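# Coordinates in review
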Amino acid sequence: MSKQSLQSFWLISFSIKLLAVIMTCISLSIVVGLMKYVPLAERAEHTYYYPFWYTLIISILINLALLLFLILPLSLIADSVLASLKMNRSISKVISTIVAYFLLGVGSALLFSIFVYRMHAFQYAGPYQYVVTTTFVFLLWQSGLGWILKKIRKQKQQTSTG
C-alpha cells in the first residue's frame, strides 16, 4: 500500500474535523439537555429548574471548549500517528483507530483535570466516561462525514468522466 493511499485513508481534512466538532457539540448538548429536562407535570413545588435552552447553551459551551482545545488538536496528532503505521488489513486499521481514540479520550480527560488544577476533579468515573464518549462521538461524526464526502467526490468524478 502506497504512502498516498495511507494518507488518503487516515488523514481527514481539517474542515471535516471542524464540522465534526460542531455536529458532536450540538448532538451531545441536545442529548444532555433532554436528559436533564424535567417536564412541567413532574416538577416539584418551590423548586427551581433550569430551562432547556439554558442547559443546552451551557452544555454547548463546555463541549465546544473540550472539543476545540483538547480533542481536536490531539486527534490531529493521533491521525498522523495512525497514518504513519503500516497496516495491510482493514480490521487492524479499525482496531488501531478505536484504541488510538480511546487513548485520546483518556488523555483528554487527564489533561482537563490538570488544566483545572484539580486531580480530584474526576473523583468519580462519570466525567472520564463523558470525555471518552465525546471522543467516540467525534470519531463517528468525523468518519461519517468523511465517508459522505468521499462518496460525493467519487460520484462527481464518475459523472465528469462518464
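Each remark here, short or long, concerns the structure printed above.
What comes next concerns the included structure.

Quick notes on the rules
Residues numbered from 1 in each chain as written. Predicted model: local features only at pLDDT ≥ 70, side-chain atom pairs only at ≥ 80, totals over all residues. Heavy atoms only, no water. Core = buried A, V, L, I, M, F, W, Y, C linked by side-chain atoms within 4.5 Å. Buried < 20%, exposed > 50% of the residue type's maximum accessible area, 1.4 Å probe, protein only. Helix = DSSP H or I, 4+ residues; strand = E, 2+ residues; numbered from the N terminus. Contact = heavy atoms within 4.5 Å. Salt bridge = Lys/Arg side-chain N within 4 Å of Asp/Glu carboxyl O. Phe/Tyr/Trp six-rings, centres within 6.5 Å; stacked < 30°, edge-to-face > 60°.

A few words now on the nonpolar core. Among the nonpolar cores identified, the biggest contains 17 residues, and Val21, Leu66, Leu67, Ile71, Tyr101, Leu104 and Phe138 are the most heavily contacted of them. Secondary structure elements with two or more residues in this core: helix H2 (14–36), helix H3 (52–84), helix H4 (90–115) and helix H5 (126–161). Sorting elements by how many residues they give to this core places H3 first, with six residues. Those residues within four positions of isoleucine 71 in sequence are excluded, and the remaining contacts are Leu66, Leu104, Ser108, Val131, Thr134, Thr135 and Phe138.

Tallying each qualifying case throughout the model produces one salt bridge. Among the ionic pairs, lysine 17 bridges to aspartate 79, the shortest N-O distance being 2.5 Å. Placement of lysine 17 in helix H2 and of aspartate 79 in helix H3 is noted, with a sequence separation of 62 residues between them. Overall, lysine 17 belongs to the buried group, its relative accessible area being 1%.

All right, on to the packing of aromatic side chains then. Here the structure, examined in full by the defined rule, presents four aromatic pairs. Relative to phenylalanine 52, the ring of tyrosine 37 has its centre 6.4 Å away and its plane inclined at 90°; by these criteria the two rings are edge-to-face. Taken together, the residues tyrosine 37 in the loop between H2 and H3 and phenylalanine 52 in helix H3 connect sequence positions 15 residues apart. Taking relative accessible area as the criterion, tyrosine 37 reaches 37% and is therefore assigned partly exposed. In this structure phenylalanine 52 comes out as partly exposed when scored by relative accessible area, which is 29%. Between tyrosine 50 and tyrosine 54, the ring centres sit 4.8 Å apart and the planes meet at 15°, which makes this aromatic pair stacked.

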